[in-house]
Amino acid sequence: MRIGILGTGTLGTALGAVWVRAGHEVLIGGRSAEKATAAALASGATAATPAEVVRGRDAVLVAVLWDGMRDVLALAGAADGSLAGTPLIDPSNAVEHGVGDLLTPPGRSAAEQIADWAPGAAVVKAFHLFPAAQWGSGAAAVTVPIAGDDEAALARTSELVRDAGGLPAVLGPLRRARQLEEVAGFVIGLAFAGVDPNSAIPSTGSA
């Protein structure tokens, strides 16, 4: 695949590296050309401008902090339809740092807001529950819940999840992204309170 990554932080760099190793062509860029160059060197991807990152891509990951999300999408021309028809993977957590409260309005997910900022894009929520260190580390496979409305975009995202060493699990349409984001807030809130979130989740396995 031809993959674009908007975002030069640890998550975009880690996923870029595993996708390059899987044989995909990866462009990476963000608001800083210098950081894009560093991320490309670290991942084996090619640095590009945000507009170049999304052009002609089979899928785009937008991995930036929530307060910079709208800006990077604007730099990529999202409001003008540059991502129309493109699977746009959202791993963001729009939560208050150290608390876990969602910053989006009640009943509204970050993924749905991104869909508004990128008209025509096939937004898929994915990769938001595990830290960057999970990917490419050789750690045991984890389940990556995903949500979206476009079947082709879900299939393409599922393939990228498997290439990263994860097990994709489609929760449902994009309206259920809010549930996934609430789970992230729950995990973050407990972790910052010094509680292992795994201890608060009942096992459904056999006794």
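With an unreviewed UniProt entry as reference, the protein chain is termed NADP oxidoreductase, source organism Actinophytocola xinjiangensis.

Which parts of the structure should I look at to understand the layout of surface pockets?
Once rolled over the atoms, a probe with the size of a water molecule shows which space is left empty. Looking at the largest pocket, its volume works out to about 830 Å³. Forming the boundary of the largest pocket are 33 residues, of which Ala63, Val64, Leu65, Trp66 and Asn93 lie nearest the centre. Mapped by element, the contributors of at least two residues to the lining of the largest pocket are α1 (10-21), α4 (66-75) and α7 (177-192). Of the residues assigned to the lining of the largest pocket, the class counts are 17 nonpolar, twelve polar and four charged. Approximately 190 Å³ is the volume attributed to the second largest pocket. Split by residue class, the lining of the second largest pocket holds six nonpolar, one polar and no charged.

Help me out: how do you make sense of the pattern of salt bridges in this one?
Should the charged atoms of two oppositely charged side chains come close, the side chains can pair. Counted according to the given criterion, the structure contains six salt bridges. The partner of lysine 125 in a salt bridge is aspartate 90, with the nearest N and O atoms 2.8 Å apart. Here lysine 125, found in strand β6 (residues 122-125), pairs with aspartate 90, found in strand β5 (residues 87-90); they are 35 residues apart in sequence, far enough to count as distant. On the basis of relative accessibility, which here comes to 0%, the residue lysine 125 falls in the buried class. Between arginine 108 and aspartate 116 there is a salt bridge; the shortest N-O distance is 2.0 Å. The class for arginine 108 is partly exposed, based on a relative accessible area of 25%. Within this structure, Asp90, Lys125 and Glu181 form a network of salt bridges that share partners.

Any chance you could explain the nonpolar core here in plain terms?
It is characteristic of soluble globular proteins that their nonpolar side chains tend to be buried jointly. Core analysis: the biggest nonpolar cluster contains 30 residues, and Leu15, Trp19, Phe127 and Trp135 have the highest contact counts within it. Looking at this core, the elements that each hand over two or more residues are β1 (2-6), α1, β2 (25-29), α2 (33-43), β4 (59-62), β6, β7 (143-148) and α6 (151-163). Here this core gets five residues from one element, more than from any other, and that element is α1. Setting aside residues no more than four positions away along its own chain, phenylalanine 127 makes contact with Leu11, Leu15, Trp19, Ile89, Pro91, Trp135, Val144, Leu160, Val161 and Ala164. Core analysis: the second largest hydrophobic core is formed by 26 residues, Val62, Leu83, Trp117 and Ala121 among them.

I would appreciate a short explanation of the packing of α4 against helix α5 (residues 110-117) in the present structure.
Working note: a packed helix pair is described by the angle between its axes plus the distance between those axes. Between α4 and α5, the shortest axis-to-axis distance is 10 Å and the interhelical angle comes to 20 degrees. With respect to α5, the element α4 is oriented roughly parallel. Viewed along their axes, α4 and α5 form a crossing whose handedness is right-handed. Between α4 and α5, the contacting residues are Trp66, Met69, Arg70 and Leu73 on the first element and Ala110, Gln113, Ile114 and Trp117 on the second. Among the residues making up the contact of α4 with α5, the classes are represented as six nonpolar, one polar and one charged.

The rules we used
Residues numbered from 1 in each chain as written. Predicted model: local features only at pLDDT ≥ 70, side-chain atom pairs only at ≥ 80, totals over all residues. Heavy atoms only, no water. 1 Å grid on protein atoms, 1.4 Å probe; cavity = no way out; pocket = protein on both sides within 12 Å on 5 of 7 lines; lining within 4 Å. Points joined across faces, edges and corners; volume = space filled by probe spheres on them. Helix = DSSP H or I, 4+ residues; strand = E, 2+ residues; numbered from the N terminus. Nonpolar A, V, L, I, M, F, W, Y, C, P; charged D, E, K, R; others polar. Salt bridge = Lys/Arg side-chain N within 4 Å of Asp/Glu carboxyl O. Buried < 20%, exposed > 50% of the residue type's maximum accessible area, 1.4 Å probe, protein only. Core = buried A, V, L, I, M, F, W, Y, C linked by side-chain atoms within 4.5 Å. Contact = heavy atoms within 4.5 Å. Axes fitted to C-alpha atoms, helices over the stretch in contact; angles between N-to-C directions. Parallel < 35°, antiparallel > 145°, perpendicular 65-115°, else oblique. Left-handed = near helix turned anticlockwise from the far one by under 90°.

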